[in-house]
Amino acid sequence: MRQDKITGFSLLELMIVVVIVAILAAVAYPSYQQHIVRTNRAAAQQYLLEVSSLQHQFILDNRGYAATVAALGTTPAALVVDNYTVTITGVDNTASPPTYTLQAAPRSGTTQQGSDTLTVNHLGQKNATWYD
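Keep in mind the model is a prediction, meaning the values are calculated, not measured. (Residues numbered from 1 in each chain as written. Predicted model: local features only at pLDDT ≥ 70, side-chain atom pairs only at ≥ 80, totals over all residues. Heavy atoms only, no water.)

J.: Could you clarify how one ought to interpret the overall build of the protein chain in this entry?
T.: Counting secondary structure elements, the protein chain contains two helices and three strands. When the helices and strands of the protein chain are placed in sequence order, the string is α-α-β-β-β. What you see for the protein chain is a C-alpha radius of gyration of 25 Å, clearly larger than the 14 Å of a compact globule of 132 residues, by over 25%. Structurally, the protein chain occupies a C-alpha span of about 100 × 25 × 20 Å along its principal axes. Residues counted as buried form 28% of the 132 residues belonging to the protein chain. Within the protein chain, contacts between residues separated by at least 24 positions form 45% of all contacts whose residues are at least 6 apart in sequence. For the protein chain, the exposed surface amounts to about 9,000 Å²; the carbon and sulfur share of it is 59%. Each charge class in the protein chain can be summarised by its mean position, and for the 7 positive and 8 negative side chains these summaries are 7 Å apart. (Helix = DSSP H or I, 4+ residues; strand = E, 2+ residues; numbered from the N terminus. Rg over C-alpha atoms; globule rule 2.2 N^0.38 Å. Buried < 20%, exposed > 50% of the residue type's maximum accessible area, 1.4 Å probe, protein only. Contact = heavy atoms within 4.5 Å. Areas by Shrake-Rupley, 256 points an atom, 1.4 Å probe, with all protein chains shown as cover. Lys, Arg positive; Asp, Glu negative; His and termini not counted. Charge placed at Lys NZ, Arg CZ, Asp CG, Glu CD.)

Below you can see the structure in the form of structure tokens.
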């Protein structure tokens, strides 16, 4: 007589695997979210440095700093635009030396919400959040 064995997983074994996967996901998800926030912040920092470089070129060509990002002929990458509002403030071309401050403010409703505003000025000084 031949006896065929039926093989497979029991419901209990399957439930144990589901629980283990759920625990691993619960541990990994916050780390993943922090990674996304750091990546977005790094993209914004890189863009602010690019705009700062363009400002220095602009002052050489025009004897004053640009008041808007559009005047510099640049637009932020989608990763930056989706998460930050980039502006140029504090432009004073009559001061000696002329001044400006670049800001990247986190947009509400994004993963960056609750983060600090990134700033860099005409002297290259960055706010403390830059180094987190």
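Resuming the write-up.
J.: Would you take a moment to explain the pairing of strand β2 (residues 99-106) for this structure?
T.: A regular strand carries its side chains on alternate faces of the sheet. The sheet contact formed by strand β1 (residues 84-92) and β2 spans seven bridges and is antiparallel. By the bridge assignment for β2, Asp92 is matched with Thr99. Linking β1 to β2, which pair antiparallel, is a turn of six residues. (Pairing = 2+ DSSP bridges.)

J.: Just to check I follow, could you spell out the side chain of Asn83 for this structure?
T.: By secondary structure assignment, the location of Asn83 is in helix α2 (residues 78-83). In contact with Asn83, not counting residues within four places along its chain, are Asn40, Ala105, Pro106, Arg107, Thr110, Thr111 and Gln112.

J.: I tried to follow the environment of Lys126 on my own but got confused; where do I start?
T.: In this structure, Lys126 sits in the segment after β3 (118-121). As a C-alpha pair, Lys126 and Phe9 span 117 residues in sequence and 58 Å in three-dimensional space. Beyond its immediate sequence surroundings of up to four residues, Lys126 is in contact with Leu49, Thr119, Val120 and Tyr131.

J.: Can you help me understand a nonpolar patch on the surface in this one?
T.: A cluster of nonpolar side chains, Leu11, Leu14, Met15 and Val18, forms an exposed patch at the surface whose accessible area comes to about 400 Å². A relative accessible area of 47% places Leu14 in the partly exposed class. (Patch = residues over 30% accessible without salt bridge, like charges linked within 9 Å, V, L, I, M, F, W, Y side chains within 5 Å. Salt bridge = Lys/Arg side-chain N within 4 Å of Asp/Glu carboxyl O.)

J.: Help me out: how do you make sense of the nonpolar core in this one?
T.: Leu48, Val86, Ile88, Leu102, Ala104 and Leu118 are the most contacted members of the largest nonpolar core, which has 20 residues in total. Within the residue set of this core, elements represented by two or more residues are α1 (11-62), β1, β2 and β3. The leading source of residues in this core is α1, at six residues. (Core = buried A, V, L, I, M, F, W, Y, C linked by side-chain atoms within 4.5 Å.)

J.: Teacher, can you tell me more about α1 here?
T.: Working note: α-helix, 3.6 residues per turn, so residues spaced by three or four point in the same direction. With 52 residues, α1 extends 74 Å between its outermost C-alpha atoms, agreeing within 8% with the 76 Å of an ideal straight helix rising 1.5 Å per residue. Where α1 bends most, at Ala28, the angle is about 30°, and the proline Pro30 comes one to four residues later. Here α1 has its buried residues at Val37, Asn40, Arg41, Ala43, Ala44, Gln45, Tyr47, Leu48, Val51, Ser52, Gln55 and Ile59. Looking at the buried side of α1, the elements it contacts are α2, β1, β2 and β3. (Expected span 1.5 Å × (residues − 1). Bend = angle between axes of the 7 residues up to and from the residue.)

J.: I'm lost on the sheet that holds β1 in this one. Help?
T.: Taken in spatial order, the three strands make up an open sheet running β1-β2-β3, and their pairing is antiparallel. Both outer strands of the open sheet, β1 and β3, are each paired with one neighbouring strand and no more. Strand after strand, the sheet turns through a mean of 15° between neighbouring axes, direction not considered. Sheet topology note: the β2/β3 ladder contains four bridges and is antiparallel. (Axes fitted to C-alpha atoms, helices over the stretch in contact; angles between N-to-C directions.)

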